[in-house]
Amino acid sequence: MGPVRDVTLAVVGSGPAGLTAALYAARAELRPLVIAGIPPGGQLIITTDVENFPGFPEGVQGPELVDLLRRQAGRFGAEFLDDHVVRVDLARRPFTLETGTHGTVRAQAVIVATGANARWLGLPSEQRLVGHGISACATCDGFFFKGQPLAVVGGGDTAMEEALFLTNFASHVTIVHRRDRLRASPVMQERAKRHPKISFEWDSEVIEVVGDGKVEGVRLRDHRTGVVRELAVGGLFVAIGHDPATAVFRGALELDPQGYVRVHDGTRTSVDGVFAAGDVQDRRYRQAVTAAGAGCMAAIDAERWLAEQPAPAGPARVPR
Ligand code: NDP
């Protein structure tokens, strides 16, 4: 079990939701301990330009934004463990969070801000080639595909964004979408459709990734005709959405059928004293700024809830 550390508030996750929760909680003198994940920072660390986070008229790089938020929370006393939570017991208080290598954290209240992870197609050939030409992050890996034709799977904003970004490197980008209409917002659709380096394969699915040791092509099946054909590409970017990172909370918190944490009355979860913020409970907005806003809400909810608790959980805050 390793060392045991008692805190008033533990925040799990260190994207904009977790870090904003930590900032507000620190300023409420709750001395939050952030179990930040590995690598810490959430999805923003695999993002380059963030142009829609208020307060940055020239935009900001994702990792820089994370660093700024972390330093801001740290300035008011938030502490950080760069580790994962591997097991939880939320059935009784103090709640218990077991980490990978830093022992156990016992907390009077918990804010869950673990975010969401990229979804994969689930093909055996895909698993074989992840990291060898298959990626879910154009901003991380696009550079490696200079001058090559590439494919992007998906019809949402992420797919459009990935495809547009990849035009900086690729000779051509083919967006493969399973329907004949995109889900992406009109502005992103237009940008992609107008781009001279981007073309679309409609009503098509990737049924196999071709290549031995590295990606050489994708086999596509057209739903309308059943015709299978091969598209020669040097890389495949999968941009088909995300899954909330809630595996460790299964059975401990009420989740919806897609695995998102169910919240009510602001950020309250099914367990009294456990709150959730950001992409882990938000399938709709999923923006850095909405996650940050939800993190603020969770910290306020947690602070008020702690203050209402009879001793020792509430007023008798645990010193660290
Ligand atoms: P979405 O869920 O919006 O889109 C996922 C896409 O992948 C859909 O087109 C879906 O097809 C397709 N898809 C899902 N599963 C499969 C599969 N197994 N095989 C093939 N295709 C599949 O996810 P995004 O990540 O694109 O976006 C998530 C949210 O983040 C959205 O709200 C989006 O607006 C937002 N966002 C905004 C950005 C911006 O404004 N700049 C940038 C990125 C994201 P189908 O359409 O048929 O369901």
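Residues numbered from 1 in each chain as written. Predicted model: local features only at pLDDT ≥ 70, side-chain atom pairs only at ≥ 80, totals over all residues. Heavy atoms only, no water.

**Student:** Help me out: how do you make sense of the overall build of the chain in this one?
**Tutor:** In terms of regular secondary structure, the chain is built from 7 helices and 19 strands. The C-alpha atoms of the chain give 22 Å as radius of gyration, which agrees with the globular expectation for 320 residues (20 Å, within 12%). Along the first, second and third principal axes, the C-alpha set of the chain runs to 70 × 40 × 35 Å. A buried classification covers 48% of the 320 residues belonging to the chain. Taking all contacts inside the chain whose residues are at least 6 apart in sequence as the whole, residues at least 24 apart take part in 60%. By element, 50% of the accessible surface of the chain is carried by carbon and sulfur atoms, the whole surface being about 15400 Å². Considering the chain, the positive charge centre built from 35 side chains and the negative charge centre built from 37 side chains are found 2 Å apart. (Helix = DSSP H or I, 4+ residues; strand = E, 2+ residues; numbered from the N terminus. Rg over C-alpha atoms; globule rule 2.2 N^0.38 Å. Buried < 20%, exposed > 50% of the residue type's maximum accessible area, 1.4 Å probe, protein only. Contact = heavy atoms within 4.5 Å. Areas by Shrake-Rupley, 256 points an atom, 1.4 Å probe, with all protein chains shown as cover. Lys, Arg positive; Asp, Glu negative; His and termini not counted. Charge placed at Lys NZ, Arg CZ, Asp CG, Glu CD.)

**Student:** Whenever I open this one, the site of the ligand confuses me. Can you help?
**Tutor:** Around the ligand, a shell composed of 18 residues is seen, among which Asp157, Thr158, Arg178, Arg179 and Arg183 lie nearest. Take Gly155: an N or O atom from its main chain is 2.9 Å from an oxygen atom of the ligand. Between an oxygen atom of the ligand and a side-chain N or O atom of Arg179, the distance comes to 2.7 Å. Burial of the ligand by the protein chains amounts to 76% of its free accessible area of 910 Å². (Near = heavy atom within 4 Å. Polar contact = N/O pair within 3.5 Å; in protein donor to acceptor, adjacent residues only side chain to side chain.)

**Student:** How do you make sense of the pattern of salt bridges when you look at a structure like this?
**Tutor:** Where side chains of opposite charge bring their charged atoms close, a pairing between them can arise. Across all of its chains, the model carries 16 salt bridges by this definition. Linking Glu79 and Arg5 is a salt bridge whose minimum nitrogen-to-oxygen distance equals 2.7 Å. Taken together, the residues span a long stretch of sequence, with Glu79 in strand S5 (residues 79-81) and Arg5 in strand S1 (residues 4-12) at a distance of 74 residues. Residue classification places Glu79 among the partly exposed positions, given a relative accessible area of 30%. Close ionic contact of Arg224 with Asp222 constitutes a salt bridge, the shortest N to O distance being 3.0 Å. Overall, Asp222 belongs to the buried group, its relative accessible area being 15%. Through salt bridges with shared partners, a single network forms among Asp203, Asp222 and Arg224. (Salt bridge = Lys/Arg side-chain N within 4 Å of Asp/Glu carboxyl O.)

**Student:** What exactly am I supposed to notice about the packing of helix H1 (residues 16-27) against helix H7 (residues 288-308) here?
**Tutor:** For any two helices packed against each other, the geometry comes down to the angle between their axes and how far apart the axes lie. H7 packs onto H1 with a crossing angle of 35° between their chain directions and a minimal axis gap of 7 Å. Handedness of the crossing formed by H1 with H7: right-handed. Contact with H1, carried on its side by Pro16, Ala17, Thr20, Ala21, Tyr24 and Ala25, involves Ala288, Ala291, Ala292, Gly295, Cys296, Ala299 and Ile300 of H7 and no other residues of that element. Residue composition of the contact of H1 with H7, by class: 11 nonpolar, 2 polar and no charged. (Axes fitted to C-alpha atoms, helices over the stretch in contact; angles between N-to-C directions. Left-handed = near helix turned anticlockwise from the far one by under 90°. Nonpolar A, V, L, I, M, F, W, Y, C, P; charged D, E, K, R; others polar.)

**Student:** What exactly am I supposed to notice about the packing of aromatic side chains here?
**Tutor:** The geometry of two aromatic rings is summed up by the distance between their centres and the angle between their planes. Counted under the stated rule, the structure contains 6 aromatic pairs. Centre to centre, the rings of Phe143 and Phe169 are 6.2 Å apart; their planes meet at 80°, and the pair counts as edge-to-face. Here Phe169 lies in the loop between helix H5 (157-166) and strand S12 (172-176) and Phe143 lies in the loop between helix H4 (138-141) and strand S11 (149-153), a separation of 26 residues in the sequence. The exposure class assigned to Phe169 is buried, which follows from its relative accessible area of 16%. (Phe/Tyr/Trp six-rings, centres within 6.5 Å; stacked < 30°, edge-to-face > 60°.)

**Student:** Hey, could you run me through the pairing of strand S17 (residues 235-238) in this one?
**Tutor:** Each regular strand carries side chains that alternate between the two faces of the sheet. Residues Gly235 and Phe237 point to one face of S17 and Leu236 and Val238 to the other, with burial holding for every one of them. Alignment of strand S10 (residues 134-135) against S17, held across 2 bridges, turns out to be parallel. Within S17, the position partnered with Ile134 by the bridge is Leu236. Direction of pairing for S11 relative to S17: parallel, over a ladder of 4 bridges. Looking at the pairing, Leu150 lines up with Gly235 of S17. (Pairing = 2+ DSSP bridges.)

**Student:** Looking at this model, I keep getting lost on the pairing of strand S14 (residues 204-210). Mind explaining?
**Tutor:** The sheet contact formed by S14 and strand S15 (residues 217-222) spans 6 bridges and is antiparallel. The partner of Ser204 across the bridge, within S15, is Asp222. In this structure, the hairpin formed by S14 and S15 is closed by a connection of 6 residues, where Gly211 is found at a positive phi of approximately 140°.

**Student:** Just checking my understanding: could you explain the side chain of Asp301 for this structure?
**Tutor:** Tracing the sequence through the fold places Asp301 in helix H7. Among buried Asp, Glu, Lys and Arg side chains, Asp301 stands out as unpaired, with Arg304 the closest opposite charge at 5.5 Å. Setting aside residues no more than four positions away along its own chain, Asp301 makes contact with Asp265, Gly266, Thr267 and Phe275.

**Student:** Sorry if this is basic, but what is going on with the sheet that holds S15 here?
**Tutor:** What holds strands together in a sheet is hydrogen bonding between their backbones, with the strands either parallel or antiparallel. Reading across the sheet, the 3 strands line up as S14-S15-S16 and stay open at both edges, with antiparallel pairing between neighbours. Edge positions in the sheet fall to S14 and strand S16 (228-232), since each has one partner strand and no second. If you compare each strand with its neighbour and ignore which way they point, the axes differ by 30° on average.

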